[in-house]
Amino acid sequence: MSRQVLIRPLVTEKLSAQMEEGHYAFIVDPKANKIEIKQAIQHRFPAVQIKEVRTINVRGKQRRQMTRQGVRFGRTASYKKAIVTLLPGSEQIDFFESI
């Protein structure tokens, strides 16, 4: 692939519960579309059969910090999140196999 589509898996408490139902989340390249995301996941995990891919653009939150010089404003980074649903009976993705 010309660029890195999958940046890293996203593991939270809510998504860990959804992994049992076949839903997995990844942080992906903001310019990637659903077809490229699906191809990248099938390339990385060949035994997985994907039912659908949903994408969400997550905007960064505004933050402020009190310092001696006054109030400093900043933002957290924006990113694109992809939620992948696997077909029933498909092999599951194991993020923790290499630990």
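Note that this is a predicted model, so its numbers are computed, not measured.

Here is what the cut-offs are and how they apply
- Residues numbered from 1 in each chain as written.
- Predicted model: local features only at pLDDT ≥ 70, side-chain atom pairs only at ≥ 80, totals over all residues.
- Heavy atoms only, no water.
- Patch = residues over 30% accessible without salt bridge, like charges linked within 9 Å, V, L, I, M, F, W, Y side chains within 5 Å.
- Areas by Shrake-Rupley, 256 points an atom, 1.4 Å probe, with all protein chains shown as cover.
- Salt bridge = Lys/Arg side-chain N within 4 Å of Asp/Glu carboxyl O.
- Helix = DSSP H or I, 4+ residues; strand = E, 2+ residues; numbered from the N terminus.
- Buried < 20%, exposed > 50% of the residue type's maximum accessible area, 1.4 Å probe, protein only.
- Contact = heavy atoms within 4.5 Å.
- Arc of directions from axis to C-beta.
- Polar contact = N/O pair within 3.5 Å; in protein donor to acceptor, adjacent residues only side chain to side chain.
- Core = buried A, V, L, I, M, F, W, Y, C linked by side-chain atoms within 4.5 Å.

Draft legend 1. Geometry of a nonpolar patch on the surface. A grouping of Met-66, Val-71 and Phe-73 is seen on the molecular surface, where their side chains present a nonpolar patch of about 350 Å² in accessible area. Residue position: Met-66 is located in strand β4 (residues 62-67).

Draft legend 2. The arrangement of the environment of Phe-73 in detail. Along the polypeptide, Phe-73 turns up in strand β5 (residues 70-75). Note on Phe-73: relative accessible area 59%, which makes it exposed. Residues Phe-73 and Thr-85, spaced 12 residues apart in sequence, show a C-alpha to C-alpha distance of 38 Å. Excluding residues that lie within four positions of it along the chain, Phe-73 makes contacts with Gln-62, Arg-63 and Arg-64.

Draft legend 3. The arrangement of helix α2 (residues 34-44) in detail. Among the residues of α2, those classed as buried are Ile-37, Ala-40 and Ile-41. Each buried residue of α2 lies within a common arc of 95° when the element is viewed along its axis, so the set occupies one face. Residues of α2 that are exposed and angled more than 90 degrees away from the buried face: Ile-35 and His-43. Near the N-terminus of α2, the side chain that reaches the backbone nitrogen of Ile-35, with its oxygen 3.2 Å away, is that of Asn-33.

Draft legend 4. Highlighting the nonpolar core. Core analysis: the largest hydrophobic core is formed by 19 residues, its most contacted members being Phe-26, Ile-37, Ile-41 and Ile-93. Those residues within four positions of Ile-93 in sequence are excluded, and the remaining contacts are Tyr-24, Phe-26, Phe-45, Val-48 and Leu-86. Formed by five residues, the second largest nonpolar core is a distinct cluster that contains Leu-10, Leu-15, Ala-25 and Ile-83.

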